Amino acid sequence: MKQVIAGLIDSALKTLIENGTLPEDVQPNIMVENTRDKSHGDYASNIALTLAKPARSNPRQLAEKLVAALPQSDNLTRTEIAGPGFINFFISEASTNSLLTTILDQKESYGRNNDGAGRKVQVEFVSANPTGPLHIGHGRGAAVGDCLCRIMDANGWDVTREFYYNDAGQQINNLALSVQARCKGLTPDDASWPEDGYRGDYIIDLAESFMRGDTVKSEDQSFTGTKNSADLEAIRHFAVAYLRREQDLDLKAFAVDFDVYFLESSLYEEGKVERTVQTLIKNGYTYEDGGALWLRTTDFGDDKDRVMRKKDGGYTYFVPDVAYHLDKWQRGFECVLNEQGADHHSTITRVRAGLQALNADIPKGWPDYVLHQMVTVMRGGEEVKISKRAGSYLTLRDLIDEVGRDATRYFLAARKSDSHLTFDIDLARSQSADNPVYYIQYAHARVCSIFRKLAENNLDWDLETGKAALSCLELESEKNLVINLGRYPEVVKNAASAREPHQIANYLRDLAGDFHTYYNSEKTLVDDENLRNARLTLAVAVRHVLANGLDLLGVTAPEQM
RNA sequence: GUCCCAGUAGCUCAGUAGGAUAGAGCGGUCCCCUCCUAAGGGACAGGCCAGGGGUUCGAAUCCUCUCUGGGACACCA
């Protein structure tokens, strides 16, 4: 609808240019906005305000001329000039009816678009190292990342979900040592406990499983415990496989799937790290100092140069990161979104600098990052403290068990990811209108419930008679509901371009609210057959949009609650 | 010290490319209801958008400085 109005304005502008009211070289930026206040019409444009200066005219006069030059359209009932020179548009019944028809015809594809045109996007998210169960921070990453995938998909992108993990570094070594210590019966309080050992109770389970000779299988690997507590290498493999399986179960419980599990160790095994380093040296961006090899990241906006290869010969962590991203680029991902905790912020500049230094024609701002801030959990009005060190741990799975998958996903994705999130367990659990997930899902279930009632009354409804009856929808609340439904495709688009899943959540809450209000004030199953059919049709359209939006959040749309 | 994020109603947060009187939920106060299954519905109160300066027709939104909170700044990953 916005495009329709923008088109009308555009042709009015052409007329004004032709008759000399506007200079020929104006470059109009036509904006059509949703109005907050319905007395300002359904849509509004500030075009006259922005063009008043080049037209050497005052905005209201220009607006009048523009309105006079607008072509006739069935979509509008009238226009109005208001305030300093806004043009307000009131759309017609024909227009809202055709919007409803579109929704009903497109059903689950309503709101989707083809902006991505099948181009490849990779979303890397969670990427937790296999050193422990997933906690709520990972959960936020999983929820936001998965929603981003769904949103990109809805915008026509070809999405690959990728999970990257470090299976070789120092912390895996610590993990192996910790498990070995447990295998030998040590506890964290013993003097010989590894210095940076992991203290959580899950290490005990892991050690016991290894000593039993269990076989663990995860999405991307499998390993059998050798029962030999002296074999650190076997313990390491087993521990990684074991914790990967645990994480898989967590993710499964959260309905998050990945297409690719990428092992950091493979970068070394396949020589990718080495080749990357050689390229950087060849390109002249490195130098030796103090026995270490440095990368001149300051050439690319970093505030100091970074060590690539330490004195002891090992690479610093960002080197495999650069190799990894080169690999992503070579796999053809024009767009890469890395969803990470905000504590990874400092790597961004380094990775991008490293990529630029490869001279591989990688765009400057590539890849894209979506960072999320911390999550604090509240229960009974008090903060639930999480101490990884002491091993007291609120895992993602605990949370899912306690509040359910839908609520967990919704709460973790419904806030803008770069602000801190307070997760209120009591609210997430509550079965009332205070709980936004419940509220939205209930709106969906409510439509379904109306149809069950209809069947009980031995009445029926079908799409064609419903569409034919739409002209019975005369109420302002009905028209507003339709206009809100019409905003949905735009929300899907904005959520993708801003990489902000929470926009979907906010939209759905508003829509659900409007529908509940409407439902409470107007009876749907009225005696007048035409009106009943029309209202049922509107309800079906609301149901489609709610279901489509909930799907983008990965939250179910129940028929009954 | 440098960098990033945030600072909007008592609380949790929105605010969509700068736009017309700043929005929602909870909590508070006051009504109504028991009507398509929903412990429900409605109304009111509540704000110098952290603060100063700037840009312009117009700023919560952009620029700049200051203050406060969180995070990041290793030859750790």
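Residues numbered from 1 in each chain as written. Chains lettered and ligands numbered in written order. Predicted model: local features only at pLDDT ≥ 70, side-chain atom pairs only at ≥ 80, totals over all residues. Heavy atoms only, no water.

### Details of the overall build of chain A
We apply this condition: Per the convention used, a helix needs a DSSP run of H or I reaching at least four residues, while a strand needs a run of E reaching at least two, with both numbered from the N terminus. Buried residues are those whose accessible area, probed at 1.4 Å on protein chains only, stays under 20% of the maximum for their type, while exposed residues exceed 50% and partly exposed ones sit between those limits. Contacts between residues were defined by any pair of non-hydrogen atoms, one from each residue, lying within 4.5 Å.
Per the secondary structure count, chain A includes 20 helices and 17 strands. Along the three orthogonal principal directions, the C-alpha set of chain A runs to about 85 × 65 × 40 Å. Residues counted as buried form 52% of the 561 residues belonging to chain A. Expressed as a percentage of contacts within chain A between residues at least 6 apart in sequence, the contacts between residues at least 24 apart total 71%.

### Notes on the packing of aromatic side chains
The criterion, for reference: The rule is short: rings of Phe, Tyr and Trp, with Trp giving its six-membered ring, pair when the centres are within 6.5 Å, and they are stacked under 30 degrees, edge-to-face over 60, tilted in between. The rule is short: NZ of Lys or CZ of Arg within 6 Å of the ring centre and within 35 degrees of the ring normal puts a charge over the ring.
Following the criterion strictly, the structure yields 20 aromatic pairs and no others. Plain terms: the ring middles of Y164 and F262 are 6.1 Å apart, the flat faces sit at 35° to each other, and that makes the pair tilted. In this pair, Y164 is assigned in strand β6 (residues 158–165) and F262 in strand β9 (residues 260–263), connecting sequence segments 98 residues apart. The pair formed by Y164 and F262 is uniform in burial state, with each residue classed as buried. Centre to centre, the rings of Y410 and F411 are 6.0 Å apart; their planes meet at 75°, and the pair counts as edge-to-face. Judged by its relative accessible area of 10%, F411 is buried. Over the ring of F333 we find K120, and its NZ or CZ is 4.7 Å from the ring centre.

### Some thoughts on unusual backbone geometry
A cis amide bond, omega -5°, links W366 with the succeeding residue P367. Here K107, not a glycine, exhibits a phi torsion of approximately 50°, which is positive. Mapped onto the elements of the fold, K107 is located in the loop between α4 (93–106) and β5 (120–124). You can call K107 partly exposed: its relative accessible area is 33%. Phi at A255 takes a positive value of approximately 60°, unusual for a residue other than glycine.

### Looking at the nonpolar core
Inclusion rule: Definition used in this section: a nonpolar core is a set of buried Ala, Val, Leu, Ile, Met, Phe, Trp, Tyr and Cys residues joined via side-chain atoms within 4.5 Å.
Membership of the largest hydrophobic core comes to 88 residues, with the highest contact counts inside it found for V126, Y410, F423, L485 and I504. In terms of residue count, helix α20 (residues 529–553) provides more of this core than any other element does, twelve residues in total. Those residues within four positions of I504 in sequence are excluded, and the remaining contacts are I151, V491, V492, A495, G549, L552 and L553. Judged by nonpolar contacts, the second largest core, of 28 residues, contains Y164, A323, Y324 and I348.

### Notes on helix α16 (residues 436–456)
Just so we agree on the cut-off: The length a helix should cover is 1.5 Å for every residue beyond the first. Pairing of N or O atoms within 3.5 Å defines a polar contact, subject to two protein rules: one partner must be a possible hydrogen donor and the other a possible acceptor, and residues neighboring in sequence count only if both atoms are side-chain atoms.
Given a rise of 1.5 Å per residue, 21 residues ought to cover 30 Å, and the 30 Å separating the end C-alpha atoms of α16 matches this to within 8%. All buried positions along α16 are accounted for by P436, V437, I440, Q441, A443, H444, A445, R446, V447, C448, I450 and L454. Looking at the buried positions of α16, the neighbouring elements they touch are α14 (405–413), α19 (502–521) and α20. A side-chain oxygen of the first residue of α16 lies 3.1 Å from the backbone nitrogen of V437; this N-cap is N435. Directly beyond the C-terminal end of α16, a positive phi value near 60° is found at N458.

### A look at the packing of helix α5 (residues 136–154) against α14
Note the threshold: Axes here refer to lines fitted to C-alpha atoms; in helices the fit is confined to the stretch in contact. Angles between the N-to-C directions go from 0 to 180 degrees. Oblique is the label for any angle not under 35 degrees, not over 145, and not in the 65 to 115 range, which are roughly parallel, roughly antiparallel and roughly perpendicular in turn. Just so you know the grouping, Ala, Val, Leu, Ile, Met, Phe, Trp, Tyr, Cys and Pro go in nonpolar, Asp, Glu, Lys and Arg go in charged, and all remaining residues, Gly too, go in polar.
It is at 8 Å that the axes of α5 and α14 come closest, and there the two elements cross at 85°. What the angle tells us is that α5 and α14 run roughly perpendicular. Residue-level inspection shows I136, G139, R140, A143, V144, D146, C147 and R150 of α5 in contact with α14, the latter providing R409, L412 and A413. Class assignment of the residues belonging to the contact of α5 with α14 gives a composition of six nonpolar, one polar and four charged.

### Overview of the layout of surface pockets
Note the threshold: The distinction between a cavity and a pocket rests on a 1 Å grid over the protein atoms alone: a 1.4 Å probe fits inside a cavity but cannot get out, while a pocket stays open yet meets protein on both sides within 12 Å along at least five of seven lines, and a residue with an atom within 4 Å of a point counts as lining. Grid points are joined across faces, edges and corners, and a volume is the space filled by probe spheres set on the points.
In this model, the second largest pocket occupies a volume close to 480 Å³. Lining the second largest pocket are 22 residues, and of these M1, K2, Q3, G486 and P489 sit closest to its centre. For the lining of the second largest pocket, the elements supplying multiple residues, two or more each, are α1 (2–18), α4 and α18 (476–497). Per-class residue counts for the lining of the second largest pocket are seven nonpolar, ten polar and five charged.

### Quick look at the pattern of salt bridges
We apply this condition: Throughout this description, the term salt bridge denotes a Lys or Arg side-chain nitrogen within 4 Å of a carboxyl oxygen of Asp or Glu.
Following the criterion strictly, the structure yields 34 salt bridges and no others. Among the ionic pairs, R150 bridges to D146, the shortest N-O distance being 2.8 Å. Residue R150 and its partner D146 are located together in helix α5, separated by four residues, close to a single helical turn. The buried category is assigned to D146, whose relative accessible area is 1%. A salt bridge links R244 to D220; the shortest N-O distance between them is 3.5 Å. Of this pair, R244 sits in helix α8 (residues 232–253) while D220 sits in the loop between β7 (215–217) and β8 (222–224), placing them 24 residues apart in sequence. According to the relative accessible area criterion, R244 is buried, its value standing at 0%. Through salt bridges with shared partners, a single network forms among D146, R150, R161, R409 and D551.

### A few points about the sheet that holds strand β16 (residues 382–384)
Rules: Note on pairing: DSSP must find at least two bridges between two strands before they are called paired.
What the three strands build is an open sheet, ordered β16-β15-β17; its pairing is mixed. Across the chains shown, the open sheet's two edge strands, defined by having one partner strand only, are β16 and β17 (421–424). Across the sheet, the mean angle separating the axes of adjacent strands is 40° when strand polarity is ignored. In the sheet, strand β15 (residues 375–379) pairs with β16 via three bridges, with the strands oriented antiparallel. For M378, the partnering residue across the bridge sits in β16 and is E383.

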